[in-house]
Amino acid sequence: MWRNSASRSSKLIWNGYALSPSSLSTLRSSRSVPNSVFPLSSVPAVASPSHSPSDPSKLGFLPGRSDGIRALSSVPSPAAVDIPSLTYGVQLARHYGQCFWELSKARLSMLVVATSGTGYVLGSGSAVDFAGLCWTCAGTMMVAASANSLNQVFEIKNDALMKRTRNRPLPSGRMSVPQAVAFASSVGLAGTAMLACKTNMMAAGLAASNLVLYAFVYTPLKQIHPVNTWVGAVVGAIPPLLGWAAASGGQISLNSMILPAALYFWQIPHFMALAYMCRHDYAAGG
Ligand SMILES: CC(C)=CCC/C(C)=C/CC/C(C)=C/COP(=O)(O)OP(=O)(O)O
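Residues numbered from 1 in each chain as written. Predicted model: local features only at pLDDT ≥ 70, side-chain atom pairs only at ≥ 80, totals over all residues. Heavy atoms only, no water.

Asks: Help me understand the site of the ligand, please; the structure alone is not making it clear to me.
Replies: Near the ligand there are 18 residues, and of these K105, R168, Y214, Y218 and K222 occur at the shortest range. Contact between the ligand and Y214: an oxygen atom at 2.8 Å from a side-chain N or O atom of the residue. Within the side chain of Y218, an N or O atom sits 2.6 Å from an oxygen atom of the ligand. Burial of the ligand by the protein chains amounts to 92% of its free accessible area of 640 Å². Mapped onto the shell around the ligand, the elements with two or more residues apiece are α6 (130-154), α9 (201-221) and α10 (228-247). Of the residues forming the shell around the ligand, the biggest block, 5 residues, is contributed by α9. (Near = heavy atom within 4 Å. Polar contact = N/O pair within 3.5 Å; in protein donor to acceptor, adjacent residues only side chain to side chain. Areas by Shrake-Rupley, 256 points an atom, 1.4 Å probe, with all protein chains shown as cover. Helix = DSSP H or I, 4+ residues; strand = E, 2+ residues; numbered from the N terminus.)

Listed below in structure tokens is the structure:
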């Protein structure tokens, strides 16, 4: 029953906000949604709203209510349930889902989470608090996604010049800078707050400092000086320390440094090898 009413109301909502050809072209002209996502030629006539926004009864809002509650009974007929608009909604969700996945460098962020989770387990002593581990992983994922998104916001021009990166969401124009900044700020703040509330201030502070180090120090330094490699290796080494701090109530000991140190020294030859393999691309990107 719940599923029925949920799907019915979602159809209503999509019907109320049916995308017209003109709204699609507006969306596209803002460069948020390229033609490949919603080709104008494919917009069927039925997608045009047959009602005027000034007529609330036709939009399905309850008369006399200012809170936006819609009346199921005011649905004109099943024929008005706008399947094409629903399809566009799904396409829109898929489009932005894919963009945010790439903007977050989700696979790299998951590796970061794995190192932070390992740090948590090692710093836990005899018993691992499973809930604490989950909060730590979720908070790390969000702050890492934010850091990676900001990195891409600052590197649009360079990314556009390199074969490896030119299809990323920002240089390819699949999403706009304000959308990326809004995403980065919200997940960054939420992830830091989550770590502060559910673990401790040391873990939250390490995550926030690491974001600043990566997005605001390492990223601009890439174009300026080769020392960026050493800074980038610090960024990669902090997450296991963050995990340890989250598990141990913020106690950083010599033991907590073993995994970060191993990661730090492993990254230097790793970055050098990558830099050599992609040397032509990096030269093109400045
Ligand atoms: C908790 C927290 C904030 C964690 C951050 C973890 C993180 C983002 C690690 C990445 C480290 C790094 C130097 C990547 C290379 O970036 P690049 O700019 O050289 O890569 P690119 O050229 O592919 O963009």
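Picking up after the structure, the text goes on.
Asks: Even after reading the chapter, I still don't get the packing of aromatic side chains, so can you show me in this structure?
Replies: Two measures describe an aromatic ring pair: the distance that separates the ring centres and the angle between the ring planes. What the rule picks out here adds up to 5 aromatic pairs. Measuring from ring centre to ring centre gives 4.5 Å for F100 and F183, while their planes differ by 25 degrees; the resulting arrangement is stacked. With F100 in helix α4 (residues 83-103) and F183 in helix α8 (residues 177-198), the pair connects residues that are 83 residues apart, well separated along the chain. Looking at F100, the relative accessible area reads 24%, which means it is partly exposed. Judged by relative accessible area, F183 falls into the buried class, the value being 17%. (Phe/Tyr/Trp six-rings, centres within 6.5 Å; stacked < 30°, edge-to-face > 60°. Buried < 20%, exposed > 50% of the residue type's maximum accessible area, 1.4 Å probe, protein only.)

Asks: Would you mind going over the environment of A247 with me for this structure?
Replies: Summarising the element assignment, A247 is placed in helix α10. Beyond its immediate stretch of four places on either side in the chain, A247 contacts Y120, G123 and S124. (Contact = heavy atoms within 4.5 Å.)

Asks: Got a minute to help me understand the nonpolar core in this structure?
Replies: Among soluble globular proteins, nonpolar side chains are generally buried collectively. Residues L195, L206 and L242 are the most contacted members of the largest nonpolar core, which totals 25 residues. Secondary-structure elements contributing two or more residues to this core are α5 (106-122), α6, α8, α9 and α10. When residues of this core are assigned to their parent elements, the largest contribution, 9 residues, is made by α9. When near neighbours in sequence (up to four residues on either side) are disregarded, L206 contacts I238, L241, L242, A245 and I252. (Core = buried A, V, L, I, M, F, W, Y, C linked by side-chain atoms within 4.5 Å.)

Asks: So what exactly am I meant to see when it comes to the packing of α8 against α9 here?
Replies: Packed helices, taken two at a time, are described by the angle between their axes plus the distance between the axes. At a minimum axis distance of 7 Å, the contact between α8 and α9 shows a crossing angle of 160 degrees. On the basis of the axis angle, α8 is roughly antiparallel to α9. Viewed along their axes, α8 and α9 form a crossing whose handedness is right-handed. The residues of α9 that touch α8, namely those facing T192, L195 and A196, are M201, A203, A204, A207 and A208. For the contact of α8 with α9, the class distribution of residues is 7 nonpolar, 1 polar and no charged. (Axes fitted to C-alpha atoms, helices over the stretch in contact; angles between N-to-C directions. Parallel < 35°, antiparallel > 145°, perpendicular 65-115°, else oblique. Left-handed = near helix turned anticlockwise from the far one by under 90°. Nonpolar A, V, L, I, M, F, W, Y, C, P; charged D, E, K, R; others polar.)

Asks: Is there a simple way to think about a nonpolar patch on the surface in this case?
Replies: On the surface, a nonpolar cluster with roughly 340 Å² of combined accessible area is contributed by F154, V212, F216 and V217. Per-element tally for the nonpolar patch: the top contributor is α9, with 3 residues. Among the secondary structure elements, F216 is positioned in helix α9. Exposure remark for F216: the relative accessible area of 45% places this residue in the partly exposed category. (Patch = residues over 30% accessible without salt bridge, like charges linked within 9 Å, V, L, I, M, F, W, Y side chains within 5 Å. Salt bridge = Lys/Arg side-chain N within 4 Å of Asp/Glu carboxyl O.)

Asks: Looking at this structure, I do not really get the UniProt feature "transmembrane region" (unreviewed entry) in the chain. What am I missing?
Replies: The UniProt entry lists residues 176-196, 202-221, 228-246 and 258-278 under the feature "transmembrane region" (unreviewed entry), expressed in the numbering used here. Spanning residues 176-196, this segment combines 95% helix with 0% strand, and its end C-alpha atoms are found 30 Å apart. Structurally, residues 228-246 comprises 100% helix and 0% strand, and the distance from its first C-alpha atom to its last is 28 Å. (UniProt positions renumbered as here; feature names shortened; annotations may be inferred.)

Asks: Quick question: what am I supposed to make of the pattern of salt bridges here?
Replies: Tallied over the full model, the rule gives 3 salt bridges. Among the ionic pairs, K222 bridges to E155, the shortest N-O distance being 3.0 Å. Highlighted residues: K222 in the loop between α9 and α10 and E155 in the loop between α6 and α7 (156-161), separated in sequence by 67 residues. With a closest N to O distance of 3.2 Å, R168 and D159 form a salt bridge. A single burial state applies to R168 and to D159, both of which are buried.

Asks: Help me understand the confidence of the model for the chain in this model?
Replies: A low pLDDT score tells you not to read the predicted coordinates there in detail. Residues with a pLDDT of 70 or more make up 71% of the chain, whose mean pLDDT is 78. Between residues 1-76, whose pLDDT stays under 50, and residues either more than four places distant or in other chains, the model counts 88 contacts. At the level of chain-chain contacts, confidence expressed as ipTM amounts to 0.97, with global pTM at 0.71. (pLDDT = per-residue confidence, 0-100.)

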